[in-house]
Amino acid sequence: MRLKDQNNIFTVDIGATNIRFAIVSGNKVDLINKFLTPKNKKLLLTEIMKNICDALAHQKINGLAISVAGPVKDRKAHLTNITKTEIDFSTLATKDLPLSVINDGAAAVWAEKEYGYGNGLNNIAYITISSGIGGGVIIKGESLNFNFLNEEIGHQKVTDLYKIKCVCGQSDHWESLASGLNISKFMARWSDINNFEFDQKLYDDVYKIFRKAKSGDSLANDFMEEIGRLNARGIDLVAKKYSPEAIVLGGAVALNNQGIILSGIEKHRKSKVPIKFTNLGDEISLIGAAAYLKSRM
């Protein structure tokens, strides 16, 4: 039986920074809780169960959908930037509550297919530039599953220059350089290689760096030139590998800095695939995880 759009799906989005809980019906999201993601496996599962029980006590829930920032296989997820361990979410399953677990990038591209720019397209890619860098791909109407870390979009090698180690153990992956969690470390390395002297405290997080760039700071803008080149390289690799009809960008870093991000990519990329910013906002993984569950019922 296929769940109808009006049914309520309790949806959890486990990000590297925040965990969010919502009731999702179609593309409508009722956010009911949000806080910093617990880094402890036991505490994370406890908080999820608590929020599920609270929701069930107040309204009818037709399913449980979980979106996670990490590779997923058989309801097991390796949360590289969070607990750094594998978590088996099948322990949350009950006979009365259908459960699905999906990578957040795969969830997002599913949302685009159902409700966004991917509606009507056979091939589409979604890329999130946020705390990490990830994404999802739909080819011939079917979503690709990235079961292992080295298959994910953010774990593509985009340069050989900086020798910055990624969480996966390799170096100079897209995520290790241009993601929100790593960009300040990358700026320090970039400055060192180019013999730029600066007060690192003024550029020690992603928010400060982009604010500096928007204010006309010459060092920040020079650094954004390199960020644009690496983002373009990542885009070109996705375009070459999957041949999407469109690439949709999302994630807090991309959505909050659209002008800088897009201009850098357009200046340096070789591929001609159309690039758009998602119109589903930062709730896209919640929407997509619920849509994915309903498609499997």
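Everything below is about the structure shown above.
Residues numbered from 1 in each chain as written. Predicted model: local features only at pLDDT ≥ 70, side-chain atom pairs only at ≥ 80, totals over all residues. Heavy atoms only, no water.

## A short note on the side chain of Arg20
Piece 1. For Arg20, the location among the structural elements is in strand β2 (residues 18-25).
Piece 2. There is a polar contact of 2.7 Å between the side chain of Arg20 and the side chain of Asp13.
Piece 3. With residues near it in sequence (within four places) discarded, Arg20 still touches Thr11, Val12, Asp13, Leu31, Asn33, Lys34, Asp282, Glu283 and Leu286. (Helix = DSSP H or I, 4+ residues; strand = E, 2+ residues; numbered from the N terminus. Polar contact = N/O pair within 3.5 Å; in protein donor to acceptor, adjacent residues only side chain to side chain. Contact = heavy atoms within 4.5 Å.)

## So, the sheet that holds strand β12 (residues 247-250)
Piece 1. The 5 strands lie next to each other as β11-β10-β9-β12-β13, forming an open sheet whose pairing is mixed. Only two strands of the sheet have a single partner each, and these edge strands are β11 (142-143) and β13 (275-277).
Piece 2. Sheet topology note: the β12/β13 ladder contains 3 bridges and is parallel. Each residue of the ladder has a partner; that of Ile247, found in β13, is Ile275.
Piece 3. In the packing of helix α2 (residues 104-115) onto the sheet, the strands contacted are β9 (124-129), β10 (133-139), β11 and β12, and the crossing angle to β10 comes to about 45 degrees.
Piece 4. Across the sheet, helix α8 (residues 258-268) is in contact with β9, β12 and β13; its angle to β13 comes to roughly 170 degrees. (Pairing = 2+ DSSP bridges. Axes fitted to C-alpha atoms, helices over the stretch in contact; angles between N-to-C directions.)

## Examining the pattern of salt bridges
Between side chains of opposite charge, a pair can form as their charged atoms come close.
Piece 1. Applying the stated criterion across every chain yields a total of 10 salt bridges.
Piece 2. Across the pair Asp282 and Arg20 runs a salt bridge whose closest N-O atoms are separated by 3.9 Å. With Asp282 in the loop between β13 and α9 (284-295) and Arg20 in strand β2, the pair connects residues that are 262 residues apart, well separated along the chain.
Piece 3. Residue classification places Asp282 among the exposed positions, given a relative accessible area of 53%.
Piece 4. Take Arg20: its relative accessible area is 9%, and that puts it in the buried class.
Piece 5. Between Lys50 and Asp54 there is a salt bridge whose closest N-O contact spans 3.4 Å. Taken together, the residues Lys50 and Asp54, both in helix α1 (residues 41-58) and 4 residues apart, mark about one turn of the helix.
Piece 6. Judged by its relative accessible area of 37%, Asp54 falls in the partly exposed class.
Piece 7. Each of the salt bridges in this network shares a partner with another, and the network as a whole consists of Asp13, Arg20 and Asp282. (Salt bridge = Lys/Arg side-chain N within 4 Å of Asp/Glu carboxyl O. Buried < 20%, exposed > 50% of the residue type's maximum accessible area, 1.4 Å probe, protein only.)

Nothing here speaks to function; it is geometry throughout.
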